[in-house]
Amino acid sequence: MEASRFSCGEIHVICGPMFAGKTTALLQRVQSESDVGRTVALIKSNKDTRYGLDSVVTHDGTKLPCWALPDLSSFRQKLGADAYDKLDVIGIDEAQFFGDLYDFCRKAADHDGKTVIVAGLDGDYLRRTFGSVLDIVPLADSVTKLTARCNLCGKRAFFTLRKTDETQTELIGGADIYMPVCRQHYVNGQVVIEATRAVLQSQKVLDDSYIEGVSLAN
């Protein structure tokens, strides 16, 4: 029987807002594991197509090859059972997009002896729980909360501010849509965004009324 069947692995969580360096930290840890001879694999969600599907890429262009998958439960089958058994380390980027994150990490570490390194957003643009990243904190050997720099004042940024008026939770994008902000500028920014959204909604109502009036007149 494989040695991994007799020993447990580890789970390490890297979280924080956008532009905090989560993916950079993940790649550094995975690369360091590879440098000492451990067998590694990287996984990301196939929802994230910003830099292609075959690599995990940081905002500054550092990248490593990866598996882009719709869910984590399919990883073992995609990789192959023999190759999976030989794996020592599994890195997961953009972990908030995987609904089966908890079950996968628990099984991989507790039963398969893998070291799992998870990087993802802990909160969405409304500062609510995003996906299952926080659910695996009770399973984790370590949790690293990273911060960025506020785009507006340079202080430590703990939150992600969405600059557009879209309201869906999953909206993949970069600096064109999001910015890291401190608490003060998050609160102030939300006030501005809500006011802008109200103005846009009022304008839409007026436009719709005008179009309806023109249609009735004709």
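Residues numbered from 1 in each chain as written. Predicted model: local features only at pLDDT ≥ 70, side-chain atom pairs only at ≥ 80, totals over all residues. Heavy atoms only, no water.

Novice: Sorry if this is basic, but what is going on with the packing of aromatic side chains here?
Specialist: To describe a pair of aromatic rings, one takes the distance between the centres and the angle between the planes. Tallying each qualifying case throughout the model produces six aromatic pairs. A ring pair is formed by Phe75 and Tyr84, whose centres lie 6.2 Å apart and whose planes are at 75°; its orientation type is edge-to-face. Tyr84 matches Phe75 in its accessibility class, with the two residues each being buried. Arranged with centres 5.9 Å apart and planes meeting at 90°, the rings of Phe97 and Phe130 form a pair that is edge-to-face. Of the two residues, Phe97 sits in the loop between strand S6 (89–93) and helix H4 (101–110) while Phe130 sits in the loop between strand S7 (115–120) and strand S8 (142–145), which places them 33 residues apart along the sequence. If you follow Arg162 out to its NZ or CZ, it ends over the ring of Tyr125, 3.8 Å from the centre. (Phe/Tyr/Trp six-rings, centres within 6.5 Å; stacked < 30°, edge-to-face > 60°. Buried < 20%, exposed > 50% of the residue type's maximum accessible area, 1.4 Å probe, protein only. Helix = DSSP H or I, 4+ residues; strand = E, 2+ residues; numbered from the N terminus. Lys NZ or Arg CZ within 6 Å of the ring centre and 35° of its normal.)

Novice: Would you explain the environment of Glu10 in this entry?
Specialist: Along the chain, Glu10 turns up in strand S1 (residues 10–15). When its relative accessible area of 36% is taken as the criterion, Glu10 is described as partly exposed. When the C-alpha atoms of Glu10 and Ala109 are compared, they prove to be 5.4 Å apart, with 99 residues separating the residues in sequence. In this view, Glu10 contacts Ala109, Lys114, Thr115, Val116 and Asp141; residues no more than four positions away in its chain are not counted. (Contact = heavy atoms within 4.5 Å.)

Novice: Help me understand the UniProt feature "binding site: substrate" (unreviewed entry) in the protein, please; the structure alone is not making it clear to me.
Specialist: The sites that UniProt annotates as "binding site: substrate" (unreviewed entry) are Tyr178. Within the secondary structure, Tyr178 sits in strand S12 (residues 178–181). Judged by its relative accessible area of 5%, Tyr178 falls in the buried class. When sequence neighbours within four positions are dropped, the list of residues in contact with Tyr178 reads Met18, Phe19, Tyr125, Thr160, Leu161, Arg162, Lys163, Leu171 and Gly173. Here the side chain of Tyr178 touches Arg162 through a polar contact of 3.1 Å, side chain to side chain. (UniProt positions renumbered as here; feature names shortened; annotations may be inferred. Polar contact = N/O pair within 3.5 Å; in protein donor to acceptor, adjacent residues only side chain to side chain.)

Novice: Can you help me understand the pairing of strand S11 (residues 159–162) in this one?
Specialist: Two faces belong to every sheet, and in a regular strand the side chains alternate between them. Residues Phe159 and Leu161 line one face of S11 and the alternating positions Thr160 and Arg162 line the opposite face, and both faces are buried. Alignment of S11 against S12, held across four bridges, turns out to be antiparallel. Bridge pairing in S12 links Arg162 to Tyr178. (Pairing = 2+ DSSP bridges.)

Novice: Got a minute to help me understand H4 in this structure?
Specialist: Quick reminder: α-helices carry 3.6 residues per turn. Residues three or four places apart thus point the same way. Among all positions of H4, only Leu101, Phe104, Cys105, Ala108 and Ala109 are buried. The buried residues of H4 occupy an angular sector of 110° when projected down its axis, which confines them to one face. In this structure, the buried residues of H4 make contact with S1, strand S2 (40–45), helix H2 (75–79), helix H3 (81–86), S6 and S7. (Arc of directions from axis to C-beta.)

Novice: Is there a simple way to explain the sheet that holds S2 in this structure?
Specialist: Strand pairing in a sheet relies on backbone hydrogen bonds, with the paired strands running either antiparallel or parallel. The strand order across the open sheet formed by six strands is S5-S2-S6-S7-S1-S8, and the pairing between neighbours is parallel. Edge positions in the open sheet fall to strand S5 (67–69) and S8, since each of these has one partner strand only. The mean angle between the axes of side-by-side strands here comes to 20°, regardless of whether they run parallel or antiparallel. In this sheet, S7 lies alongside S6 in parallel orientation, the contact comprising four bridges. Bridged to Ile92 within S7 is Val118. (Axes fitted to C-alpha atoms, helices over the stretch in contact; angles between N-to-C directions.)

Novice: Explain the side chain of His185 to me, please; I cannot follow it from the model alone.
Specialist: Inspection of the secondary structure assignment puts His185 in helix H5 (residues 183–217). In contact with His185, not counting residues within four places along its chain, are Cys150, Leu152, Cys153 and Leu161.

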